[in-house]
Amino acid sequence: QVQLVESGGGLVQAGDSLRLSCASSGGTFSALTMGWFRQAPGKEREFVSIITSRGGFTYYADSVKGRFTISRDNAKNTVYLQLNSLKPEDTAVYYCAARPGGGTYYVTAAAYNYWGQGTQVTVSS
């Protein structure tokens, strides 16, 4: 059973940066495709970014492209999301998610088997 634990959220001002981390345990991390999603109050959970098991492919939602960067360290069983140039509309709970195996454009929450508990990111204007 894969377990995911996010950290790194917080309250920042517009234009600031944060780095989110998601530590994985209980599975073979290097065999997992990892994604980040976010959910704002009153809104549905939305795709943010994906990285394949060895880090060779990344993909971003248009709303974060050029500002967010996903990466992973398979030796540390951790995936990261660097958030730069934050905007108030980035305010949400950020979740990491995992699915076994390969593949690229998994942009729906239903495609993922495992989820973390989330970390709150709040951006003030």
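Structure's up top.
Keep in mind the model is a prediction, meaning the values are calculated, not measured. (Residues numbered from 1 in each chain as written. Predicted model: local features only at pLDDT ≥ 70, side-chain atom pairs only at ≥ 80, totals over all residues. Heavy atoms only, no water.)

Chemist: Which parts of the structure should I look at to understand unusual backbone geometry?
Modeler: Trans is the common state for peptide bonds, and a negative phi is the common state for residues other than glycine. One non-glycine residue, asparagine 77, adopts positive backbone phi at about 55°. Looking at where asparagine 77 falls in the secondary structure, it is placed in the loop between strand S7 (68-73) and strand S8 (78-83). A positive phi is found at serine 85, a non-glycine position, where the angle reads about 50°. Take serine 85: it is sitting in the loop between S8 and strand S9 (92-100). On the accessibility criterion, serine 85 (41% relative accessible area) is partly exposed. (Helix = DSSP H or I, 4+ residues; strand = E, 2+ residues; numbered from the N terminus. Buried < 20%, exposed > 50% of the residue type's maximum accessible area, 1.4 Å probe, protein only.)

Chemist: What am I meant to see in the environment of alanine 109 here?
Modeler: Here alanine 109 is to be found in the loop between S9 and strand S10 (114-115). It is 7.5 Å that separates the C-alpha atoms of alanine 109 and arginine 45, two residues lying 64 residues apart in sequence.

Chemist: What is the right way to read the environment of threonine 78 from this model?
Modeler: Locating threonine 78 in the fold gives a position in strand S8. Between the C-alpha atom of threonine 78 and that of glutamine 1, which follows or precedes it by 77 residues, the distance is 16 Å. Sequence-distant contacts of threonine 78, defined by excluding residues within four places in its chain, comprise Ser21, Cys22, Ala23, Phe29, Arg72 and Asp73. Within the structure, threonine 78 has its side chain in polar contact with the backbone oxygen of lysine 76 (distance 2.8 Å). (Contact = heavy atoms within 4.5 Å. Polar contact = N/O pair within 3.5 Å; in protein donor to acceptor, adjacent residues only side chain to side chain.)

Chemist: Quick question: what am I supposed to make of the state of the cysteines here?
Modeler: Working definition: the covalent bond between the sulfur atoms of two cysteines is a disulfide. For the structure on display, the rule yields one disulfide. Each sulfur of the disulfide joining cysteine 22 and cysteine 96 lies 1.9 Å from the other. Note on the cysteine 22 and cysteine 96 pair: the S-S dihedral is about 45°, so by sign convention the disulfide is right-handed. Of this pair, cysteine 22 sits in strand S3 (residues 18-25) while cysteine 96 sits in strand S9, and the two are 74 residues apart along the sequence. Neither cysteine 22 nor cysteine 96 differs from the other in exposure class; each is buried. (Disulfide = S-S within 2.5 Å.)

Chemist: Which parts of the structure should I look at to understand the packing of aromatic side chains?
Modeler: Given two aromatic rings, their pairing is described by the distance between the two centres and the angle made by the two planes. Taken as a whole and assessed by the stated rule, the structure comprises eight aromatic pairs. On the basis of an interplanar angle of 75° and a centroid distance of 6.5 Å, the ring pair of tyrosine 95 and tryptophan 115 is categorised as edge-to-face. In this pair, tyrosine 95 sits in strand S9 while tryptophan 115 sits in strand S10, placing the two residues 20 residues apart along the sequence. Among the residues examined, tyrosine 95 registers a relative accessible area of 13% and is labelled buried. Through pairs of rings, three or more aromatic residues link up here, namely Phe37, Phe47, Phe57, Tyr59, Tyr95, Tyr105, Tyr112 and Trp115. When the ring centre of tyrosine 95 is taken as reference, the NZ or CZ atom of arginine 45 above it lies at 3.8 Å. (Phe/Tyr/Trp six-rings, centres within 6.5 Å; stacked < 30°, edge-to-face > 60°. Lys NZ or Arg CZ within 6 Å of the ring centre and 35° of its normal.)

No statement about biological role is implied by the geometric values presented.
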